[in-house]
Amino acid sequence: MSKFKEIESVGADKPTLALRMLDSLDIDVRGSDEYIRMRYELLSIHMNIKQHVFPGSSIRTSNLVAYFDRSGTNRDQQEACYCAGMTLANMGDSFHAISYLQKSERIAFNKDRLDSVLLRDTYSALYTQYRRISDYPKAFVAAKEEMNISRSMGDVTSAVAFRLGEAYLSIDSVRQASKCFDKALESIRFPHTHDAQNLLYGLLEKFSVLGQTANADRCHSLLNANDSITLSPVCGNALGAYFRMKGNTSQAVCYYRTAYAQDKDECAAYDAAVALFDIYSKDGNMMAANDCARKIICMTRHSKSIKNMLIADCQYGESEDSSTLHSVERWKDLYRNMFWTILFMATIIVMIVYIINMKHKNDALKKMLGYANELKDAQQNIKNKARQSQSLIQMLHKTELESKAEEIVQSVKDAASGKRKLTEDEWRQLYKAVDDLHPHFRELLTEHIGNFSELQMQVCYLMRVGLSNPQIKNVTDVPRTTIWRWTNTYKWIYDKNIDG
């Protein structure tokens, strides 16, 4: 047993050496009692898991859990449950994996001497599984616990910092997430190892989404220094996000299509399809957007993992994926309406030839009435959109800003339609325009929100002048899910009587 403890100590950092040490004990273990043999098998599975080599089925680990529940120590039970959870996680069974990992966590606190390394690994695994089922609040708790244990051990790795940053980002704590991502980047000591390269791709995507150009450029330069890393779908999405941030849309499309074409990771392919749909829609390439829309609908219908992801997202607010899915459905309805309109017009031509037939004539008249109603609805929709655009102009004109009014009105209109971005000076003019019209608005923001970031203030002021969610996204480039949450949280801003 003393040799097993020595191997466990070595395996914490060097699992390959630990496996070689285990192999040297193979002959001695065969003649030992049942407990020694089961302990040997458990330690062998654990060291292999550290090297990302998993059992082919959960039978072995289930048997180990049952045996050590009867005859093992708390430490044996904790390790057996951890290995069983990791095996099921590798097989894609997240719910049962979480059950075993939670049991391992409970057992860890039922003994006098805490195995910090195993408990830290357990929280890391729980974080991954909670994110897989989109349970972001629990994932955040697991990431925090992993960080606390790592700090107590004096071993905060870049991967631990990255996971905590990812957890903060999932609950909209952008400032805390940025700090964690910065720490993760600074903690990378050997950037050309396989694990470090995978982490750099993750950081590249996060920095690109957050618009942190300097850090994103640094990550990209470290990736370019090693071209031997295989471009997985996740890596393709990261590079696509980077070049999209840099304004190189064509290069971004190339990387997104690389991820989109691979079937190894359904969720990554889905994310790439959503990004491509957004790019093609903004560029007006409706044929390519339609292809992406069909792909998204197909993956949503036939992929269980994507269905679970979207269902879970609905429990924690409208995500960017779900809103994109709604856009896909709208485009699908548009194409269906176009098809029926063309069919309707062809039917009218046929009916004119056979106009003597009263039945055909009546059918044609009914269809013409239906077409007129569709046109009327379309005109009404156009009027509604026009009124929505005018609301901003009317609001800003009321400020009586004389010579600067027309300029800021036009600047905000252009930004809301996606043509350009506001400069810092234009933001100051917009703030002044709203403050002149609503002198107590900034005080109300401080009273309701407390400390708020520049992005939050921009969104609140744009809400006050009446911009819709899509227009706010065009002006600020804040993710749709964040805009949705903020506009729902601060919906009191839309109240016309908030100034008293």
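Please read these numbers as outputs of a predicted model, since none were measured by experiment.

1. What about the overall build of the chain?
Counting its regular elements, the chain contains 26 helices and zero strands. Classification of the 500 residues of the chain by burial places 45% in the buried group. Sequence-distant contacts, at least 24 apart, represent 59% of the contacts inside the chain between residues at least 6 apart. If you sum the accessible surface of the chain, you get close to 26800 Å²; carbon and sulfur atoms cover 53% of it.

2. Observations concerning a positive patch on the surface
Taken together, the side chains of K144, R151, K183 and R189 present a region of like positive charge at the surface. Structurally, the position occupied by K144 is in helix 9 (residues 136–153).

3. Re the packing of helix 7 (residues 94–108) against helix 8 (residues 116–132)
In a packed pair of helices, the relevant descriptors are the angle between the two axes and the axis-to-axis distance. For the pair helix 7 and helix 8, interaxial distance at closest approach is 10 Å and the crossing angle is 150°. It follows that helix 7 is roughly antiparallel to helix 8 by the angle criterion. Where helix 7 crosses over helix 8, the two elements pack in a sense that is left-handed. Contacts from S94, I98, L101, Q102, S104, E105 and A108 of helix 7 reach helix 8 at L119, T122, Y123, A125, L126, Q129, Y130 and R132.

4. Let's talk about the packing of helix 6 (residues 74–90) against helix 7
For the pair helix 6 and helix 7, the least separation of the axes is 8 Å and the interaxial angle reads 160°. Relative to helix 7, helix 6 is oriented roughly antiparallel. Considering only the axes of helix 6 and helix 7, their crossing is left-handed. Residues N74, Q77, Q78, C81, Y82, A84, G85, L88 and A89 of helix 6 pack against H96, A97, Y100, L101, K103, S104, I107 and A108 of helix 7. Residues that form the contact of helix 6 with helix 7 fall into these classes: ten nonpolar, six polar and one charged.

5. So, helix 5 (residues 59–71)
In this model, helix 5 (13 residues) spans 18 Å end to end at C-alpha, consistent with the 18 Å of a helix rising 1.5 Å per residue. Inspection of helix 5 places T61, L64, V65, Y67 and F68 among the buried residues, and these make up the whole buried set. Of the surrounding elements, those touching the buried residues of helix 5 are helix 4 (34–50), helix 6 and helix 7.

6. Here's the deal with the nonpolar core
If you look at the biggest cluster of nonpolar residues, it comprises 82 residues, and the most contacted ones within it are L203, L204 and Y256. By residue number, the principal contributor to this core is helix 16 (residues 266–283), which donates ten residues. The contacts of L204, once residues within four sequence positions are left out, are A216, C219, H220, L223, A238, L239 and Y242. The next biggest cluster of nonpolar side chains, apart from the first, holds 28 residues, and it includes I408, Y461, I483 and W492.

7. Side note on the packing of aromatic side chains
Counting across every chain of the model gives eleven aromatic pairs. Taken together, a centroid distance of 6.2 Å and an interplanar angle of 80° make the contact between F181 and F207 edge-to-face. Highlighted residues: F181 in helix 11 (residues 174–186) and F207 in helix 12 (residues 194–210), separated in sequence by 26 residues. For F181, a relative accessible area of 0% corresponds to the buried category. Here the aromatic residues W427, Y431, F441 and Y461 are joined through ring pairs into a cluster of three or more. Just above the ring of Y431 sits the side chain of R442; from NZ or CZ to the centre is 5.8 Å.

8. Notes on the side chain of S170
Within the secondary structure, S170 sits in helix 10 (residues 158–170). With residues up to four places along the chain from it excluded, the contact list for S170 reads R131, Y136 and R485.

9. Describing the environment of K144
Judged by relative accessible area, K144 falls into the partly exposed class, the value being 30%. With 16 residues separating them in the primary sequence, K144 and V160 have C-alpha atoms 9.4 Å apart. With near-sequence residues (within four places) excluded, K144 lies in contact with L164 and Y168.

10. Some points on unusual backbone geometry
Phi at H52 takes a positive value of approximately 65°, unusual for a residue other than glycine. Owing to a relative accessible area of 60%, H52 belongs among the exposed residues under this scheme. Even without a glycine there, the phi angle at D172 is positive, about 70°. Topologically, D172 is positioned in the loop between helix 10 and helix 11.

11. A closer look at helix 25 (residues 469–476)
Along helix 25, the residues classified as buried are Q471, I472, K473, V475 and T476. Immediately beyond the C-terminal end of helix 25, within one or two residues, lies D477, with a positive phi of roughly 60°.

Rules and cut-offs
- Residues numbered from 1 in each chain as written.
- Predicted model: local features only at pLDDT ≥ 70, side-chain atom pairs only at ≥ 80, totals over all residues.
- Heavy atoms only, no water.
- Helix = DSSP H or I, 4+ residues; strand = E, 2+ residues; numbered from the N terminus.
- Buried < 20%, exposed > 50% of the residue type's maximum accessible area, 1.4 Å probe, protein only.
- Contact = heavy atoms within 4.5 Å.
- Areas by Shrake-Rupley, 256 points an atom, 1.4 Å probe, with all protein chains shown as cover.
- Patch = residues over 30% accessible without salt bridge, like charges linked within 9 Å, V, L, I, M, F, W, Y side chains within 5 Å.
- Salt bridge = Lys/Arg side-chain N within 4 Å of Asp/Glu carboxyl O.
- Lys, Arg positive; Asp, Glu negative; His and termini not counted.
- Charge placed at Lys NZ, Arg CZ, Asp CG, Glu CD.
- Axes fitted to C-alpha atoms, helices over the stretch in contact; angles between N-to-C directions.
- Parallel < 35°, antiparallel > 145°, perpendicular 65-115°, else oblique.
- Left-handed = near helix turned anticlockwise from the far one by under 90°.
- Nonpolar A, V, L, I, M, F, W, Y, C, P; charged D, E, K, R; others polar.
- Expected span 1.5 Å × (residues − 1).
- Core = buried A, V, L, I, M, F, W, Y, C linked by side-chain atoms within 4.5 Å.
- Phe/Tyr/Trp six-rings, centres within 6.5 Å; stacked < 30°, edge-to-face > 60°.
- Lys NZ or Arg CZ within 6 Å of the ring centre and 35° of its normal.

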